[in-house]
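As a plain string of letters, each chain reads:
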Protein chains: 2
Amino acid sequence: MKNIAIGIDIGGTLTKVGLVDKEGELYGHLDFPTTGHTDFDAYLDALRNHAEKLKKDLHIPYQIVGVGIGAPNANYYRGTIEYAANLEWKGIVPILEKMKLRYDLPTYITNDANAAAIGEMIYGNASDMKDFMVITLGTGLGSGIVTNGQLIYGYDAQAGELGHLMIAEGGRMCGTGRRGCLEAYVSSTGLKRTVFYLLCDSMEDSVLRDYAFNDLHGEIITKAAEDGDPIALEAYRMTGEILGKQLANFVAYSHPQAIFLLGGLAKAGKWIFEPTERYLKDSLLPFYEGKVQLQPSGMMEKNAAILGAAALVWDHQ
Amino acid sequence: MKNIAIGIDIGGTLTKVGLVDKEGELYGHLDFPTTGHTDFDAYLDALRNHAEKLKKDLHIPYQIVGVGIGAPNANYYRGTIEYAANLEWKGIVPILEKMKLRYDLPTYITNDANAAAIGEMIYGNASDMKDFMVITLGTGLGSGIVTNGQLIYGYDAQAGELGHLMIAEGGRMCGTGRRGCLEAYVSSTGLKRTVFYLLCDSMEDSVLRDYAFNDLHGEIITKAAEDGDPIALEAYRMTGEILGKQLANFVAYSHPQAIFLLGGLAKAGKWIFEPTERYLKDSLLPFYEGKVQLQPSGMMEKNAAILGAAALVWDHQ
């Protein structure tokens, strides 16, 4: 009899559902639109139907032992999603309470970056670590910080909002309405903004001059870097400089053994890892030398969102 | 029978020893010079003799249950003092191993800011908190960070070095040989440096123009602020601005319920607390509003260094 967790990742566009065992093997998964349901209850009914379908297709003896959910603005302590800008349900949504009407199972929720950190601990590269952090570099910058073998939730489950560290007084505008937040520089979107800054600032020729802001994405920038495009190369260097220097500050805060990068920008590989590592090394205090590693997440090539959500269940067993 | 811990604070100039019960009552204490001993063993023998003297003077039934030590550059995991710039013993000093030859008792060591945080939890204002931090503002800036009810030591017991966060590219020189560290701005010394920056930058009259750098100290600056001196007022405002903005970043990292300030600069009271609180509030992300307090340490009027060291013993019981 296989113990199976249901892992659910709620994104602004798509919801991903999957069945995962304790070793991180995925026994079927599917996506469906997060939007377009009559109300939140109708959404949860659709979610249950999709999960039931996955269970029906599972041709091994199994039992479902719990449900893990990753969602933006999720509050681990209260089991709620609170004021999520990218979801259509407004205010405070008591998702755990409503899930319990549908599944009589242990159910947990946290934000997606926290789920990624727990996933890294359960199935990724941090299985033997007690102090590490995961930085997710997608549309924004998310973070999950583990110390003493436990995720840092903080007083009201809002620790690890490192995308909103203020790093540049009067700097770039952020979705929060403030200026100078880290994720305005270091994220897939931040990289694109840096390209546009450089297209404005420099006179260099670049293939990137042929792209509209809305058409440009990370893979195009990476391809340009591979072809030696000076704007693409400088954009990655600047992004790595800011990230590396901030990571050195993170080390002085909680001294992780390893920092794992995950998400779209991390997929650029050496283009982002090389400058980040160089500036991290140059910025670290001497007594941290050799005591912190920068690594790709062990979940990079896997379905990290579903696995991270499912990992919440295994973390509570 | 009273259970008593020996609390020891090793400073660059003085070593403080005291006998402390679990409620934080101090049953006698004394200071003796840290320097001038033949070698480290002679220092530890002197330390033991002083502690024995305190025990002899204790006229109640008691038993000593442990020894707690706060020291600069102490490593909690290894029981060592490592490359302490302000102590005369060089390299790695195996203090716990050598203490055990003198006392057959549970013995613990950590750095002074970590000891202060544990003291805050055991005897101070954090007794009902699981997520908080203590910032010590003396010659430098030290920090002890507690999450999930546990001090963050990090991978190699070097977490919480917030005095060396890089906050200003190419900024003021720090004792580490780097430029722009937080403690070069926010500490008793940082305040004095800001006064000297302002004496250079502005043309305003100020009583502080009559002091040499080596003669100026915090109480003189506070007295000047109380008399409405513009340089002193502006120095406190600038210091509070930098501290308040950094504290907002700390909240995004580990979301403490409270941040406690301790040490010489914190003793300036409203002169440092008011601007710090104002800039902290202005810089916090909206969803932290009302969820973090800035407070004086509950150890401010007590012998914080000895109590914090002794608290290590109670924290392990």
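To be clear, the structure that these remarks concern was listed above.
All of these numbers come straight from a predicted model, not from anything done at the bench.

Draft legend 1. Spatial organisation of the relation of the copies chain A and chain B. Each copy of the sequence occupies a distinct position, and chain A is placed on chain B by a rotation of 180° and an axial shift of 0.0 Å, giving an RMSD of 0.0 Å. Seen this way, the second copy is the image of the first under a two-fold rotation axis. Interface residue correspondence from chain A to chain B reaches 98%, placing this contact among same-surface, isologous pairings.

Draft legend 2. Representation of the sheet that holds strand β3 (residues 26-33) of chain B in the model. Residues and elements named next belong to chain B. Spatially, β3-β2-β1-β4-β8 is the arrangement adopted by the five strands of the open sheet, whose pairing is mixed. The open sheet has two edge strands with one neighbour each: β3 and β8 (107-110). Across this sheet, the average inter-strand angle for adjacent strands is 20°, counted without regard to direction. Where strand β2 (residues 14-20) and β3 come together, six bridges link them in antiparallel fashion.

Draft legend 3. Molecular detail of helix α1 (residues 40-56) of chain A. All names here are of chain A. Over its 17 residues, α1 runs 24 Å from end to end, which matches the ideal 24 Å to within 8%, given 1.5 Å per residue. The set of residues buried in α1 consists of F40, Y43, L44, A46, L47, A51, L54 and K55. Where the residues of α1 are buried, they touch β1 (2-10), β2 (14-20), β3 (26-33), β4 (62-70), β7 (92-93) and α2 (95-100). Backbone nitrogen of D41 and a side-chain oxygen of the N-cap are separated by 3.2 Å at the start of α1; the cap is D39.

Draft legend 4. A look at the sheet that holds strand β11 (residues 150-151) of chain B. Residues and elements named next belong to chain B. In spatial order, the strands read β11-β10-β9-β12-β13; together these five strands make up an open sheet with mixed pairing. Only two strands of the sheet have a single partner each, and these edge strands are β11 and β13 (293-296). As paired elements, strand β12 (residues 258-262) and β13 share four bridges and run parallel to each other. Pairing of L261 across the sheet is with P296, part of β13.

Draft legend 5. Local environment of the environment of L198 of chain B. Residue and element names in this part refer to chain B. With respect to the element layout, L198 can be found in helix α4 (residues 188-201). A residue is classified by how much of its surface remains accessible, and L198, at 6% relative accessible area, is buried. Between the alpha carbons of L198 and A235 there is a distance of 7.4 Å; along the sequence they are 37 residues apart. Setting aside residues no more than four positions away along its own chain, L198 makes contact with I231, E234, A235 and M238.

Draft legend 6. Seen up close, the side chain of S206 of chain B. Residue and element names in this part refer to chain B. Of note, S206 is situated in the loop between α4 and α5 (218-226). Accessibility expressed as a relative area gives 10% for S206, which makes it buried. Side-chain polar atoms of S206 contact the side chain of D229, separated by 2.9 Å. Among residues more than four places away in sequence, those in contact with S206 are L199, D229 and I231.

So, how was this worked out
- Residues numbered from 1 in each chain as written.
- Chains lettered and ligands numbered in written order.
- Predicted model: local features only at pLDDT ≥ 70, side-chain atom pairs only at ≥ 80, totals over all residues.
- Heavy atoms only, no water.
- Least-squares fit on C-alpha atoms with pLDDT ≥ 70 in both.
- Contact = heavy atoms within 4.5 Å.
- Pairing = 2+ DSSP bridges.
- Helix = DSSP H or I, 4+ residues; strand = E, 2+ residues; numbered from the N terminus.
- Axes fitted to C-alpha atoms, helices over the stretch in contact; angles between N-to-C directions.
- Expected span 1.5 Å × (residues − 1).
- Buried < 20%, exposed > 50% of the residue type's maximum accessible area, 1.4 Å probe, protein only.
- Polar contact = N/O pair within 3.5 Å; in protein donor to acceptor, adjacent residues only side chain to side chain.

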